[in-house]
Amino acid sequence: MSEPNKRNWMEILRTSTKLGFTSFGGPIAHLAYFKDEYIDRKKWLDDKTYADIIALCQFLPGPASSQVGIAIGMLRGGFIGGLISWFGFTMPSILVLVLFAMLYQSFDLADAGFIHSLKVVAAAVVLHALMGLGKKLTPDKPRITIALAAALILLLYPSAWMQLVIIFAAGIFGWKMFSGLNQSKIQPFPVTFSKKAGIASLSILIGLLIFLPILAKNTESLFIQLFDTFFRAGSLVFGGGHVVLPMLEREVVPSGLLSASDFLAGYGMAQAVPGPLFTFSSYLGTMIQGVTGAVAATAGIFLPSFLFLVAALPFLNELRKRPAFQGVLTGVNASVVGILLAAFYDPVLKSSILNGEDFALAAILFSLLHFFKVPAWAIVIIGVAAGAVLNML
């Protein structure tokens, strides 16, 4: 590997780790933090490429924001770059949740005031991101209409499957409506793996989905059983962390692996830490089988993300050059703005802005982000400190 790529790896590690410690607020907020750091500050990708990556990850099962971070790492530093990006962004919350699983009976953060302050921070960050994405992805009336229709439908019929229906319908509409638009020259992805590697990756994914359940039923190894459970969750669930939780609950609570109260305790803590909500699996694995269980659960739930991205990125790179597919992406990207708008209302806004003090704090934080260009990590610190002061008044 050349020296510049090694330097890229170190840069990816530093940047993703900083994001791993400061990206509070859930998947929609994560996309805002990524845009602020990777696109606006580092300029690793242009806005169009970033939007296309988000569109791709909305199509894929698993944790969309984590997949966006992994994809950016892959484009910057190859497969190892993607692994490093995932490690930096994910490891801080994994470590906290594993530690919490060991100490949770005497470690109760359910009523901690800083958790609510982080939700207010998320509201400001998400609004800032929405305005930026909306300006880029919905610059005309047809695309604004797609975004508003997507938001309205998802607010009226909230579900992961409805989200997929909206994206699919927006893609068809975009194909019909926008394929003839004059597109700016598309910069190709710097993908380091071939289409053959993509096909092999998809084959491995399908093979594991078939083979692991058979192996789990015919072994007494709890490690393999956990890996199978969480691999299926990471492979088959659309909609991110909040959608995967009911599936995991059905897998571990009725079987007696974990009590309902223990499950909910970990879920509350997972809401308070930065990084992806899928790291809740680390807590569950630790509760069931200690650190070994954490390794099985965490590796199982995130491995499909890598396999899906290796399978998809080489083909997306080729398809982006075609006007018809550009039309599809144009429609999908507009619908993503609407999906994020719906998510901004519920759960971000509904769970964060509870009174006038919350609104005032969110407005101040948004102003610092939008007008004074204060970095997102600093907004987290300012928001938590201001929230603590307000609680004392």
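First things first, this report covers the structure right here in the doc.

Criteria and cut-off values
- Residues numbered from 1 in each chain as written.
- Predicted model: local features only at pLDDT ≥ 70, side-chain atom pairs only at ≥ 80, totals over all residues.
- Heavy atoms only, no water.
- Phe/Tyr/Trp six-rings, centres within 6.5 Å; stacked < 30°, edge-to-face > 60°.
- Helix = DSSP H or I, 4+ residues; strand = E, 2+ residues; numbered from the N terminus.
- Buried < 20%, exposed > 50% of the residue type's maximum accessible area, 1.4 Å probe, protein only.
- Lys NZ or Arg CZ within 6 Å of the ring centre and 35° of its normal.
- Contact = heavy atoms within 4.5 Å.
- Core = buried A, V, L, I, M, F, W, Y, C linked by side-chain atoms within 4.5 Å.
- Salt bridge = Lys/Arg side-chain N within 4 Å of Asp/Glu carboxyl O.
- Axes fitted to C-alpha atoms, helices over the stretch in contact; angles between N-to-C directions.
- Parallel < 35°, antiparallel > 145°, perpendicular 65-115°, else oblique.
- Left-handed = near helix turned anticlockwise from the far one by under 90°.
- Nonpolar A, V, L, I, M, F, W, Y, C, P; charged D, E, K, R; others polar.

**Remarks on the packing of aromatic side chains**
Phase 1 of the analysis: In the structure shown here, the tally under the stated rule is 13 aromatic pairs.
Phase 2 of the analysis: The interplanar angle of 65 degrees and the centroid separation of 5.5 Å between the aromatic rings of Trp86 and Phe302 together place this pair among those described as edge-to-face. Of this pair, Trp86 sits in helix H4 (residues 64-103) while Phe302 sits in helix H12 (residues 280-319), and the two are 216 residues apart along the sequence.
Phase 3 of the analysis: Classification of Trp86 as buried rests on a relative accessible area of 14%.
Phase 4 of the analysis: Residue Phe302 is classed as buried on the basis of its relative accessible area, which comes to 2%.
Phase 5 of the analysis: The rings of Phe79, Trp86, Phe278, Phe302 and Phe306 are connected pair by pair, giving a single aromatic cluster.
Phase 6 of the analysis: A cation over an aromatic ring shows up here: Arg143 above the ring of Phe178, its NZ or CZ 5.4 Å from the ring centre.

**Description of the environment of Glu37**
Phase 1 of the analysis: As for its position among the elements, Glu37 is in helix H2 (residues 27-41).
Phase 2 of the analysis: When its relative accessible area of 5% is taken as the criterion, Glu37 is described as buried.
Phase 3 of the analysis: In the structure, Glu37 is positioned 273 residues away from Val310 in sequence and 23 Å away in space, judged by C-alpha atoms.
Phase 4 of the analysis: Excluding residues within four positions of it along the chain, Glu37 makes contact with Thr15, Lys18, Leu19 and Lys42.

**Observations concerning the nonpolar core**
Grouped burial of nonpolar side chains is what soluble globular proteins tend to show.
Phase 1 of the analysis: In this structure, Val68, Leu309 and Leu313 are the most contacted members of the largest nonpolar core, which totals 112 residues.
Phase 2 of the analysis: Ranked by residue count, the leading element in this core is H12, at 17 residues.
Phase 3 of the analysis: With residues up to four places along the chain from it excluded, the contact list for Leu313 reads Leu56, Ala71, Met74, Leu75, Phe189, Val191 and Phe193.

**Remarks on the pattern of salt bridges**
Phase 1 of the analysis: Overall, the coordinates contain 9 salt bridges when judged by the stated rule.
Phase 2 of the analysis: Notably, a salt bridge pairs Lys35 with Asp40, separated by 3.2 Å at the nearest N-O pair.
Phase 3 of the analysis: On the accessibility criterion, Asp40 (35% relative accessible area) is partly exposed.
Phase 4 of the analysis: Among the salt bridges present, the one from Asp36 reaches Arg41, with a minimum N-O distance of 3.2 Å.
Phase 5 of the analysis: Through salt bridges with shared partners, a single ionic network connects Lys35, Asp40 and Asp47.

**Topic: unusual backbone geometry**
A negative phi angle is the norm for most residues apart from glycine, just as the trans form is the norm for most peptide bonds.
Phase 1 of the analysis: Even without being a glycine, Lys43 presents a positive backbone phi close to 55 degrees.
Phase 2 of the analysis: Here the phi dihedral of Lys373 falls at roughly 55 degrees; this positive angle occurs in a residue that is not glycine.
Phase 3 of the analysis: Residue placement: Lys373 occurs in the loop between helix H14 (356-370) and helix H15 (376-392).
Phase 4 of the analysis: The exposure class assigned to Lys373 is exposed, which follows from its relative accessible area of 55%.

**Overview of the packing of helix H3 (residues 47-59) against H12**
Phase 1 of the analysis: Orientation of H3 relative to H12, taken along the N-to-C sense of each, is 135 degrees, at an axis distance of 11 Å. As judged from the angle between their axes, H3 and H12 are oblique. Regarding H3 and H12, the two cross each other, and that crossing is right-handed. Judged by residue contacts, Asp52, Leu56 and Cys57 of H3 engage Leu309, Ala312, Leu313 and Leu316 from H12.
Phase 2 of the analysis: Here the residues of the contact of H3 with H12 sort into 6 nonpolar, no polar and 1 charged.

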